[in-house]
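Understanding the architecture of this molecule
Each chain, written out:
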Amino acid sequence: MTYQEVLEQARTCMGKCHACPVCNGLACKNTVPGPGAKGLGTGAIRNYQKWQELCVNMDTICENGDVDTSYDFFGHKLTIPVMAGPVGAVAMHYSDKYDDLRYNNVLVEGCAKAGILAFTGDGTNPAVMEGAADALKANGGCGVPTVKPWNLDTIRQKMDLVKAADPCAIAMDIDAAGLPFLKGMTPPAGSKTVDQLKDIAAMAGKPFILKGIMTVKGAGKALEAGAAGIIVSNHGGRVLDQCPATAEVLPAIVDAVGGKMKVFVDGGIRSGMDVFKALALGADAVLIARPFVTAVYGGAQEGVQAYVDKLQAELADTMAMCGAHSLADIDRSMLFGF
């Protein structure tokens, strides 16, 4: 399948999502439940727009050579520095063509075959994490289970479950404390202190990644808690309205961390050129969520492959045209105005 064919097929079965040519948040806006954002629905729109406002510096006066887009994620080699972001409750937010168990199975295997990996979601139904663990184990641990900030007893149970799958790393989307559809649910979910996160990082027994960091202060707390990496993320605008875009806060967070932990970023990244811009701002790699949902609904594993191929071709082309032959060559001088 071509990526265009994936989109066309997705439009027949995605429910509240329109499978737009570019997933920019304009059509779905504040559709929650659904793929939109919280409040006025401007968070997802701003995330996307701020990447588009960045311009790259073209420079082809350099050695002519092959471009290497590969990335090492805690010892796991990826074809591109991109991972599928965690998405939960797909039947509620999209359509019942998939439930979380079937979605994770398709996504994890599809990403593994495409040479990247997937972050898997969590849910109030214990079977969701159990299914994710099974999918990860079946694919050699090629993925990152993402545990929601439940109470500590529930987190401990989920950690024991996912560690048996021997994943590359374990994540927590700490910002999920603000998801409106988790309010008042059982088990309870909510914010965590630094000391609580230290205990959770120790439970993980794997590189522990905190998703949902939007400030220098928050990055410092994550570092103090023992996180091996953070994901600069506002949950796609779904947890708090009127936040800055991730592209706006990323450079300061990267500079403050100073290489002491991995810094990943998500939010509105849609193309290989967007990936290049994120790396130029200092991110180690990126996560992309909503378009991978479209890829799965529109073409299952073949859809995932089509989207990864598109991203790799765009990233490689941008690198070549900006004089970068490897990811290590990419820096802020390749962005206009930096």
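See the structure printed just above.
Residues numbered from 1 in each chain as written. Predicted model: local features only at pLDDT ≥ 70, side-chain atom pairs only at ≥ 80, totals over all residues. Heavy atoms only, no water.

1. Details of the overall build of the protein
Per the secondary structure count, the protein includes eleven helices and ten strands. In terms of overall size, the protein behaves like a compact globule, its C-alpha atoms giving a radius of gyration of 18 Å where 338 residues would be expected to give roughly 20 Å. Across its three principal axes, the protein shows a C-alpha extent of roughly 60 × 45 × 40 Å. For the protein, the proportion of its 338 residues judged to be buried stands at 55%. For the protein, the share of sequence-separated contacts (at least 6 apart) that also reach a separation of at least 24 residues comes to 72%. Carbon and sulfur atoms make up 53% of the accessible area of the protein, which amounts to about 13,200 Å² in all. For the protein, the separation between the mean place of its 30 positive charges and that of its 35 negative charges on side chains is 7 Å. (Helix = DSSP H or I, 4+ residues; strand = E, 2+ residues; numbered from the N terminus. Rg over C-alpha atoms; globule rule 2.2 N^0.38 Å. Buried < 20%, exposed > 50% of the residue type's maximum accessible area, 1.4 Å probe, protein only. Contact = heavy atoms within 4.5 Å. Areas by Shrake-Rupley, 256 points an atom, 1.4 Å probe, with all protein chains shown as cover. Lys, Arg positive; Asp, Glu negative; His and termini not counted. Charge placed at Lys NZ, Arg CZ, Asp CG, Glu CD.)

2. What to know about the packing of aromatic side chains
All chains considered together, the criterion is met by seven aromatic pairs. A centroid spacing of 6.0 Å and a plane angle of 40° characterise the contact between Tyr94 and Tyr297, whose relative ring orientation is tilted. Here the residue Tyr94 occupies a position in the loop between helix 3 (90-93) and helix 4 (100-114), and Tyr297 occupies one in helix 11 (residues 290-322), the gap between them amounting to 203 residues. In this pair, the class of Tyr94 matches that of Tyr297, namely buried. Seen in terms of ring centroids, Phe292 and Tyr307 are 5.1 Å apart; in terms of plane orientation they differ by 75°. Their pairing is edge-to-face. Neither residue differs from the other here; Phe292 and Tyr307 are each classed as buried. Taken together, the ring pairs in this structure connect Phe73, Phe74, Phe119 and Phe264 into an aromatic cluster. (Phe/Tyr/Trp six-rings, centres within 6.5 Å; stacked < 30°, edge-to-face > 60°.)

3. Points about the sheet that holds strand 10 (residues 285-288)
Spatially, the eight strands close up into a barrel ordered 3-4-5-6-7-8-9-10, and their pairing is parallel. Averaged over all pairs of adjacent strands, the angle between strand axes in this sheet comes to 30°, irrespective of strand direction. Pairing of strand 3 (residues 82-84) with strand 10, which is carried by three bridges, proceeds in the parallel orientation. Paired with Val82 across the bridge in strand 10 is Val286. In this fold helix 7 (residues 194-204) packs onto strand 6 (170-173) and strand 7 (208-213), with an angle of close to 140° to the strand it touches most, strand 7. Across the sheet, helix 9 (residues 246-257) is in contact with strand 7, strand 8 (229-232) and strand 9 (262-265); its angle to strand 8 comes to roughly 155°. (Pairing = 2+ DSSP bridges. Axes fitted to C-alpha atoms, helices over the stretch in contact; angles between N-to-C directions.)

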